[in-house]
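# Chains, contacts and geometry: an overview
Each chain, letter by letter, is given below.
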Amino acid sequence: MAEIGECSASNSSLENWAKLIPTDKMYVDIEINSDETVIFSETKSTSVEKHEWCKITRNSDLNTATLQNRSSNAIIVDETLVQKDETTFIRCGSEIVSGPVRDGHLSFKFEMSSDSKLCKGLKVIGNCHVLISVDVEHAKCSICLNIWHDVVTAAPCFHNFCNGCFSEWLKRSQEKHTSVLCPQCRAAVQFVGRNHYLLNIAEDILQADSSLRRSVEEIATLDSCSLIQSNLVIGSVKKRNEKRPRFVLGLEESGGLELPCPQCGTEYAGFRCSPHMVHLQCHGCGGMMPSRFDTGIPQHCLGCDRAFCGAYWQAQSLQRSDIYATCSPETFKPISGRTISRIPQLTHENNRHEQDITGRCISQMGKTLQDVISEWIVRFNNREIDRTRMPLNHAEMISAETPICNECYEKLVGFLLYWFRISTPKYLLPGDATERENCWYGYACRTQHHNEDHARKRNHVCRPTRSR
Ligand SMILES: [Zn+2]
Ligand SMILES: [Zn+2]
Ligand SMILES: [Zn+2]
Ligand SMILES: [Zn+2]
Ligand SMILES: [Zn+2]
Ligand SMILES: [Zn+2]
């Protein structure tokens, strides 16, 4: 196991603005005192050998930092794989695992200091939650000159724009096959993603001054242009050169064919990634795929807005080499084409007594779980059920033909089983469940999570009749 320690400060300001706290208490905290700090990993046996592990750069908002993976392995930051050389945002509380898997790798919590010097102009609430007073002028998109709507941040320059405005800009750059330059400072953009932190700030500003709000029509037009759902990685020339040697052999073997795309490794059906192609990172396998606005092939799960590659590579009928990760098409496909054989764990708010009752109720009716789900998907598709409590994004836009990811499918099944249960008369439930009274708090009851006896004796698959 590699030991992580020591950092190199590239400037001399010696204020500890953040630290990495190892979850394993055998190790000491790593203090970060320079605005740009490279952290090294050290191999235990030969402690002279050092490798760069990551670089942490403090962002100008003083509340977030940018982490770049400098090791040769992928690392995990807040549950997301970050490949070699890639950057990601971190904030107070972010979790960083020093390798591509949790097992055998140290993990750290990133903590930012709430030192008075840092928080000038900031109000500190608790440990890391801070309220910033932002100048309204600094919360405007330089393309449309309005307060950001669905704000996205471009890296490495960290300028912010409306999703719709930047998407249009991106589309134009893609059509012209030019590199994507920041509309504000002209720096080459390597990465762009939604910024949930600034989203809240923009919302606060609009709450405080509603005259800054745009009309419903304007917002609708802007939303219809918005293409950035998950983080986009934009090819950079430097990266290509670094990776090139890996393909030299293949080039000779294939008799002088052009190099495959260094990001996603593919060339097919007349489509080739341009050097400036924008790529999406699949949430399922961590692999890259070109972000295509011209194909109609779904690349994002509508239920969670995350990118998935299963449908994309299948549509390209591509057999990919094992150098590159890809997902099976089974992991991202239309709701109607999916099957289920066991009740998902999250069903009935994780209450296993209720899951057990639902399971026995289904077999008592002489049906399978699949039978019940198929019936309810038809009702769902016919809009016979109320979707207010449906735990997926864009609930109203989802139909039986919508491709969704495994996780969202399990959530949908749980939601349908709720409807199955509340529409099943009590006398059709297994004998031991017919006499139970409804808990006043219904599905929202918190006691059911820690009091076994209560969870068993009351029915919790019902609407709350009281709130706390
Ligand atoms: Zn804008
Ligand atoms: Zn910029
Ligand atoms: Zn590519
Ligand atoms: Zn999903
Ligand atoms: Zn994938
Ligand atoms: Zn209860």
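Reading the values: rules and limits
Residues numbered from 1 in each chain as written. Chains lettered and ligands numbered in written order. Predicted model: local features only at pLDDT ≥ 70, side-chain atom pairs only at ≥ 80, totals over all residues. Heavy atoms only, no water. Donors = N, O, S within 2.8 Å, 3.2 Å for Na, K, Ca; no water. Tetrahedral: all angles 85-135°; square planar, octahedral: opposite > 155°, others 65-115°. Helix = DSSP H or I, 4+ residues; strand = E, 2+ residues; numbered from the N terminus. Core = buried A, V, L, I, M, F, W, Y, C linked by side-chain atoms within 4.5 Å. Buried < 20%, exposed > 50% of the residue type's maximum accessible area, 1.4 Å probe, protein only. Contact = heavy atoms within 4.5 Å. Salt bridge = Lys/Arg side-chain N within 4 Å of Asp/Glu carboxyl O. Expected span 1.5 Å × (residues − 1). Polar contact = N/O pair within 3.5 Å; in protein donor to acceptor, adjacent residues only side chain to side chain. Pairing = 2+ DSSP bridges. Axes fitted to C-alpha atoms, helices over the stretch in contact; angles between N-to-C directions. Phe/Tyr/Trp six-rings, centres within 6.5 Å; stacked < 30°, edge-to-face > 60°. Lys NZ or Arg CZ within 6 Å of the ring centre and 35° of its normal.

Right, let's talk about the coordination of the zinc ion (ligand 6) for a bit. Bound to the zinc ion (ligand 6) on the protein side are C439 (SG), C445 (SG), H454 (NE2) and H460 (NE2), at distances that span 2.0 to 2.3 Å. Coordination at the zinc ion (ligand 6) is tetrahedral, judged from the 4 donor atoms that bind it and the angles of 98 to 118° they form at the metal. If you list the donors of the zinc ion (ligand 6) from N- to C-terminus, the spacing comes out as C-x5-C-x8-H-x5-H. With C439 in the loop between β24 (437-438) and α10 (452-457) and H454 in helix α10, this residue pair connects regions lying 15 residues apart in the sequence.

Okay, the nonpolar core next. Formed by 85 residues in total, the largest nonpolar core has its most connected members in F166, C301, I373, M390, L412, L416 and L417. In contact with I373, not counting residues within four places along its chain, are I340, Y409, V413, L416 and L417. In terms of nonpolar packing, the next biggest core, distinct from the first, is built from 22 residues, I30, W53, V77 and I90 among them.

So, about the pattern of salt bridges. Taken as a whole and assessed by the stated rule, the structure comprises 24 salt bridges. For R342, the salt bridge goes to E410, with nearest N and O atoms at 3.2 Å. Taken together, the residues R342 in the loop between β22 (332-334) and α7 (352-364) and E410 in helix α9 (residues 406-422) connect sequence positions 68 residues apart. Taking relative accessible area as the criterion, E410 reaches 24% and is therefore assigned partly exposed. Here E349 ties to R389 by a salt bridge, and the two come within 3.1 Å at their closest N and O atoms. One end of the pair, E349, is in the loop between β22 and α7; the other, R389, is in the loop between α8 (369-381) and β23 (403-405), and 40 residues separate them in sequence.

Let us now look at α7. Helix length check: α7 (13 residues) gives 18 Å between terminal C-alpha atoms against 18 Å at 1.5 Å per residue, within 8%. If you check which residues of α7 are buried, you get H353, E354, Q355, I357, T358, C361 and I362. Buried residues along α7 sit against α8, α9, α10 and β25 (458-459). The backbone nitrogen of H353 has a side-chain oxygen 3.0 Å away, supplied by the residue at the start of α7, namely N351. Of the residues one or two after α7, G366 is the one with positive phi, at around 75°.

We now examine the sheet that holds strand β7 (residues 75-77). Within a sheet, neighbouring strands are paired by backbone hydrogen bonds and run either parallel or antiparallel to one another. Read across the sheet, 6 strands follow the order β3-β2-β11-β10-β7-β8 without closing on themselves; strand pairing throughout is antiparallel. Each end of this open sheet is capped by a strand with a single partner; those strands are β3 (30-32) and β8 (80-82). Along the sheet, successive strands turn relative to each other by an average axial angle of 25°, direction set aside. Where strand β2 (residues 18-22) lies against β3, 3 bridges are found, and the strand directions are antiparallel.

The coordination sphere of the zinc ion (ligand 5), as far as protein atoms go, consists of C282 (SG), C285 (SG), C309 (SG) and C327 (SG), spread over 2.2 to 2.4 Å. The site at the zinc ion (ligand 5) holds 4 donor atoms, and with the angles between them running 101 to 114°, its shape is tetrahedral. Considered as a linear motif, the donors of the zinc ion (ligand 5) on their single chain read C-x2-C-x23-C-x17-C. With a gap of 27 residues between them, C282 in the loop between β20 (278-281) and β21 (288-290) and C309 in the loop between β21 and α6 (310-315) connect regions that are remote in the sequence. A residue is classified by how much of its surface remains accessible, and C282, at 2% relative accessible area, is buried. On the accessibility criterion, C309 (1% relative accessible area) is buried.

The next subject is the sheet that holds β21. Taken in spatial order, the 6 strands of this open sheet run β15-β14-β16-β17-β20-β21, and their pairing is antiparallel. Whereas interior strands pair on both sides, the edge strands pair on one side only; in this sheet they are β15 (159-162) and β21. Strand after strand, the sheet turns through a mean of 30° between neighbouring axes, direction not considered. Sheet topology places strand β14 (residues 151-155) next to strand β16 (residues 191-194); 4 bridges connect them, and they run antiparallel. Within the sheet, the bridge partner assigned to T153 lies in β16 and is G193. Running at roughly 100° to β15, helix α1 (residues 163-175) makes contact with β14, β15, β16, β17 (232-234) and β20 of the sheet.

Before going further, it helps to examine the packing of aromatic side chains. Tallied over the entire structure, the rule returns 8 aromatic pairs. Aromatic side chains Y418 and Y443 sit 5.7 Å apart centroid to centroid with 80° between the ring planes, which places their arrangement in the edge-to-face category. Here Y418, found in helix α9, pairs with Y443, found in the loop between β24 and α10; they are 25 residues apart in sequence, far enough to count as distant. Judged by relative accessible area, which is 8%, Y418 ranks as buried. Looking at Y443, the relative accessible area reads 18%, which means it is buried. Cluster of aromatic residues (ring-pair linked, three or more members): Y418, W419 and Y443. Directly above the ring of F380 sits R387, whose terminal nitrogen or CZ lies 3.9 Å from the centroid. One Lys or Arg, R389, reaches over the ring of Y443 and ends 3.3 Å from the middle of that ring.

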